[in-house]
Amino acid sequence: MSEIDLHTHSTASDGTDSPSQLVEKACAAGLRAIALTDHDTIGGLDEASEAACDLGIELIRGCEISTRTDLGNMHMLGLFLPADSSRLEAFLQRLRDNRDSRNNLIIEKLNRAGLRITVDEVRQIAGTTIGRPHIAAVMLQKGYCETRDEAFSKWLDTGGKAFVPKPAPTPEQALAILAEIGATTCLAHPLHKQRPLDWLDKLISRLESEGLDCLEVWHSSHDAEKSAIILDFARKYRLGASGGSDYHGKNKPGISLGTGKSNLDLGYDILENLKRMRKERNLPH
Ligand code: AMP
Ligand code: ZN
Ligand code: FE
Ligand code: FE
């Protein structure tokens, strides 16, 4: 039975539970602590924090930043964000502005192909961070495709008819801003997409020297073998180990808080280790 979940999404990005619903569900699932890590936004944190306080569960303030590498996007989690992170908020606002420009281009392409979808329709169903999952949802609603997978494979994914690459910062830029505000940084689901291990080794080595703190060893998309590989990398580079389900509510069916796809057993000691690392560096924990 998991006691913690350090990677979750709410309606502030592309999850389907509001921040307070998410906290209530975490409580009902018997979790002692969760991190809310919405994509490119910290907009859900105050609501989640308040709910957590009421229910007596620990909330770690977090976010998940999309970054670009030569082999596609990698996600960087920031954990233990301070309550006042205006510098981070300014950085994330720029990322969301870039997303908006990209979303407009995607919608233009869809319109040119005869799919009548407007930016307003997409905005209406989205929270702070708007992305392809919201566009896919409107496509489904309006009957332009049968499934979410079809919306992605035929239209929105790399190679799809309305694909537009996402402008994103480098992992180093994300690390710099997160380090500046004293966050614990974590490379998210390193093997979510299969990538050459020697490439991943080089990336982790590079990021470790840029201040990366830990690797997300346990994740819904990691089987035991993948987790073992990432744990070896963490040991090799003396990095911490984190874990979370990447729960998105109904937007990622089959993934439960804490347990993921029944492949997770996240003990409180994982969080304690992260806190110990922070204590050693005199950071709030
Ligand atoms: P965006 O941040 O706008 O580029 O959208 C990325 C999100 O879209 C990811 O976090 C996934 O939740 C979702 N996504 C990406 N590819 C697919 C796919 N092939 N099928 C379903 N969802 C996807
Ligand atoms: Zn997401
Ligand atoms: Fe991610
Ligand atoms: Fe995520």
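Residues numbered from 1 in each chain as written. Chains lettered and ligands numbered in written order. Predicted model: local features only at pLDDT ≥ 70, side-chain atom pairs only at ≥ 80, totals over all residues. Heavy atoms only, no water.

## Brief notes about the coordination of the iron ion (ligand 4)
By definition of the ideal shapes, four donors in a tetrahedron about a metal sit 109.5 degrees apart, and six donors in an octahedron sit 90 or 180 degrees apart. Protein-derived coordination of the iron ion (ligand 4) comes from His-7 (NE2), His-9 (NE2), Glu-64 (OE) and Asp-246 (OD), at a distance range of 2.0 to 2.2 Å. One can describe the donor arrangement at the iron ion (ligand 4) as irregular, given that its four donor atoms subtend angles of 79 to 171° at the metal. Sequence spacing among the residues donating to the iron ion (ligand 4) works out to H-x1-H-x54-E-x181-D. (Donors = N, O, S within 2.8 Å, 3.2 Å for Na, K, Ca; no water. Tetrahedral: all angles 85-135°; square planar, octahedral: opposite > 155°, others 65-115°.)

## Focus: the nonpolar core
The biggest cluster of nonpolar side chains holds 46 residues, and the ones touching the most others in it are Ile-65, Leu-81, Leu-88, Leu-187, Leu-200 and Leu-215. A total of five residues in this core trace back to one element, the largest contributor, which is helix H8 (residues 197–209). Setting aside residues no more than four positions away along its own chain, Leu-81 makes contact with Ile-42, Leu-45, Arg-61, Gly-62, Cys-63, Leu-88, Leu-178, Ile-181 and Ala-183. Core analysis: the second largest hydrophobic core is formed by 19 residues, Leu-115, Ile-135, Val-138 and Cys-145 among them. (Core = buried A, V, L, I, M, F, W, Y, C linked by side-chain atoms within 4.5 Å. Buried < 20%, exposed > 50% of the residue type's maximum accessible area, 1.4 Å probe, protein only. Helix = DSSP H or I, 4+ residues; strand = E, 2+ residues; numbered from the N terminus. Contact = heavy atoms within 4.5 Å.)

## What to know about the sheet that holds strand E7 (residues 240–244)
Read across the sheet, seven strands follow the order E1-E2-E3-E4-E5-E6-E7 without closing on themselves; strand pairing throughout is mixed. This sheet does not close on itself; its edge strands, each paired only once, are strand E1 (4–8) and E7. Shown here is a sheet whose adjacent strand axes are inclined to one another by a mean of 30°, direction ignored. Packing against the sheet, helix H2 (residues 45–55) makes contact with strand E2 (33–36) and strand E3 (58–69), and its axis sits at approximately 155° to E3. Against the sheet, helix H7 (residues 171–180) makes contact with E3, strand E4 (72–79) and strand E5 (184–187), and its axis sits at roughly 150° relative to E3, the strand it touches most. (Pairing = 2+ DSSP bridges. Axes fitted to C-alpha atoms, helices over the stretch in contact; angles between N-to-C directions.)

## Comments concerning the pairing of strand E6 (residues 214–219)
A large share of E6 lies buried, amounting to five of its six residues. Of the strand pairs in this sheet, E5 and E6 are connected by two bridges, and their pairing is parallel. Of the residues in E6, the one forming a bridge with Leu-187 is Leu-215. Since E5 and E6 lie parallel, the crossover through H8 that links them has a hand, and here it is right-handed. Strand direction decides the pairing type here: E6 and E7, joined by five bridges, are parallel. The residue bridging Cys-214 from the neighbouring strand is Gly-240, located in E7. For the handedness criterion, the β-α-β arrangement of E6, helix H9 (residues 224–236) and E7 is classed as right-handed. (Right-handed = clockwise from strand over helix to strand, strands pointing away.)

## Thoughts on the coordination of the zinc ion (ligand 2)
Surrounding the zinc ion (ligand 2) are the protein donor atoms Asp-14 (OD), Asp-14 (OD), His-39 (NE2) and His-248 (NE2), at 1.9 to 2.6 Å. Around the zinc ion (ligand 2), the four donor atoms sit at angles spanning 53 to 128°, and that spread fits a shape best called irregular. Here the donor residues of the zinc ion (ligand 2) share one chain and are spaced in sequence as D-x24-H-x208-H. The metal-metal distance between the zinc ion (ligand 2) and the iron ion (ligand 3) comes to 5.9 Å. Highlighted residues: Asp-14 in the loop between E1 and helix H1 (19–28) and His-39 in the loop between E2 and H2, separated in sequence by 25 residues. Each of the two residues, Asp-14 as well as His-39, counts as buried.

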